[in-house]
Each structure stands twice: as structure tokens, then as C-alpha cells.
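Examining the three-dimensional arrangement
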Amino acid sequence: MDVSERDNSAIPVITVDGPTASGKGTVAHRVADALEFHYLDSGALYRLTALASARHGIAPDDADALSVLAETLDVRFGEQRVWLSGEDVTDAIRAEAIGNRASAIAVHGAVRRALLALQHSFRKAPGLVADGRDMGTVVFPDAVLKVFLTASVQARAQRRYKQLIEKGFSANIDSLLLDLQERDARDRTRAEAPLRPAEGARVLDTSGMTADQAVAQVLEWFSQAQYPQGA
Ligand code: DC
């Protein structure tokens with residue numbers, strides 16, 4: 001049977017939520033590849049809104065203008081790249097300043113609601129792996145498997161430092177640590193869709209783990225969720 005866009009509740013979703021640099025992007029992407037599922041990087045949508053707002057001179061506290069912008073974003077995702085109004089902004093949205101701005105605009109309920117339909121449109125057969133902060137709690141509450149990745153703030157700052165150095169950027173571990181702590185505090189304490197494990201989420205601390213180990217664990221949980229013992 002053809003599952004229409006309206007009734008796509010039978011399409012399995014795996015949610016991977018967690019704080020900045022917890023490894024969720026890498027893990028979610030690789031799980032999606034292994035299962036040949038679609039992949040949603042919801043943080044990219046907040047980053048795209050942040051970039052567009054900076055370019056249009058919209059202040060991070062102007063919730064009304066930001067939500068109109070979020071609702072009318074002209075975005076296209078392709079092979080590991082993303083375009084905003086036809087321009088390739090894959091690298092531009094990864095800047096630390098845009099990540100911080102994304103976290104600041106993500107506090108507005110109106111902005112979050114404006115991005116909901118776009119996020120739901122990623123749920124397509126044969127399945128979806130969605131990564132973010134509120135994938136399991138708000139956007140896909142009926143997900144078949146909900147994972148919450150954590151890692152110590154030191155491990156996350158080290159990872160982010162390594163990524164930046166590998167890309168040829170200069171970086172300072174102390175200021176990265178402070179940045180991560182500030183962003184986490186804001187994401188966890190905001191009133192709208194705060195970062196927290198969804199009910200029933202499997203929590204995985206990746207501090208001492210390789211990406212391979214984390215991916216293997218999520219795949220094992222998924223097969224258990226699909227084929228529970230005794231079912
Ligand atoms: O995952 P990321 O670092 O690309 O996300 C950037 C910011 O966007 C993050 O600090 C908070 C916000 N965000 C959110 O509020 N909800 C999501 N589902 C994803 C990201």
C-alpha cells in the first residue's frame with residue numbers, strides 16, 4: 001500500500017537527541033546509511049534560519065519576523081550539502097557564531113512551530129533518522145526508538161577542537177568549553193522544548209566510545225525495538 005504524506009505514521013523513525021558535540025550528527029548519519037533511511041539534521045534548519053536572519057538584519061529577539069522567515073525558508077538538501085535560496089551554505093552554517101545564534105533564536109516557540117511542518121516532511125519510506133534536541137520529545141513523539149546521546153563537556157570540547165583544527169581553523173579549547181557550557185545551559189533551561197531525554201529514551205554516554213561502537217549500539221537497540229523478544 002502506498003503510504004501518503006498525510007498518514008505516514010507507519011514509517012519508522014529513530015530519534016537521536018543530545019547536547020552540542022555529543023556525536024549525534026555522526027552517529028545519526030551513519031545509522032541512517034546503514035539502514036538506508038532518510039536523515040534529518042534539524043539543527044541545520046535552526047542554523048539556516050539563523051544565517052538568513054543575520055543576512056536580513058533581523059534581531060535574535062524578534063520572534064515574529066523570525067517565524068515568518070523560518071516558515072518561508074527556501075532550502076534544499078542534497079548529497080551532504082545544503083542550499084539557501086540557491087546558494088550553497090554548507091560551510092557558512094557551521095560557523096560557531098551561527099551555532100550560537102541558532103541556539104538564541106531556538107528559544108522562541110513561534111520559530112519552533114514554524115519549522116515543524118518542514119521537519120515532518122522528512123518522514124518518508126523506508127524510514128527516518130532524525131537528530132536534534134527535541135526530536136523524541138516534540139517532533140516525532142511516536143518514534144519507534146528514541147536515543148539520547150551524552151558525553152562529558154571535556155570530551156565534547158576535545159571533539160569540537162579536533163574538528164576545527166582538522167578543517168584548518170584556529171581554536172582555543174578553553175573558549176570552546178565556555179561556549180559549549182553556555183549553549184547547553186540555554187538549550188536545557190528554555191521554556192519551549194528544552195533539551196532532555198524523551199520518556200522511554202535509551203541514554204548513551206559516548207565519552208569513552210568510538211563512533212563505530214555508538215552506531216553498533218543504536219542499531220542493536222533498533223533491531224530489539226522492531227523485534228521485541230517474545231513478540
Ligand atoms: O545541533 P546543532 O548544534 O546544529 O544545533 C544548533 C542549535 O539549534 C542548538 O544549539 C539549539 C538549536 N536546535 C534546537 O533548538 N532544536 C533542535 N531540534 C535542533 C537544534
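Residues numbered from 1 in each chain as written. Predicted model: local features only at pLDDT ≥ 70, side-chain atom pairs only at ≥ 80, totals over all residues. Heavy atoms only, no water.

Within an unreviewed UniProt entry, the label attached to the protein reads Cytidylate kinase, and the organism entered is Pandoraea thiooxydans. Its UniProt record, at the heading Sequence similarities (unreviewed entry), says of the protein: "Belongs to the cytidylate kinase family. Type 1 subfamily." (UniProt positions renumbered as here; feature names shortened; annotations may be inferred.)

Examining the packing of aromatic side chains
Considering all chains together, one arrives at 2 aromatic pairs under this definition. Here the aromatic rings of Phe37 and Phe222 are separated by 5.8 Å at their centres, their planes lie at 85°, and the arrangement is edge-to-face. Taken as a pair, Phe37 in the loop between helix H1 (24-35) and strand S2 (38-41) and Phe222 in helix H10 (residues 211-226) lie far apart in primary sequence, 185 residues in all. Here Phe37 falls in the buried class, since its relative accessible area comes to 14%. A centroid spacing of 5.7 Å and a plane angle of 80° characterise the contact between Phe77 and Phe122, whose relative ring orientation is edge-to-face. Highlighted residues: Phe77 in strand S3 (residues 75-78) and Phe122 in the loop between helix H6 (116-120) and strand S6 (128-132), separated in sequence by 45 residues. If you follow Arg76 out to its NZ or CZ, it ends over the ring of Trp83, 4.2 Å from the centre. (Phe/Tyr/Trp six-rings, centres within 6.5 Å; stacked < 30°, edge-to-face > 60°. Helix = DSSP H or I, 4+ residues; strand = E, 2+ residues; numbered from the N terminus. Buried < 20%, exposed > 50% of the residue type's maximum accessible area, 1.4 Å probe, protein only. Lys NZ or Arg CZ within 6 Å of the ring centre and 35° of its normal.)

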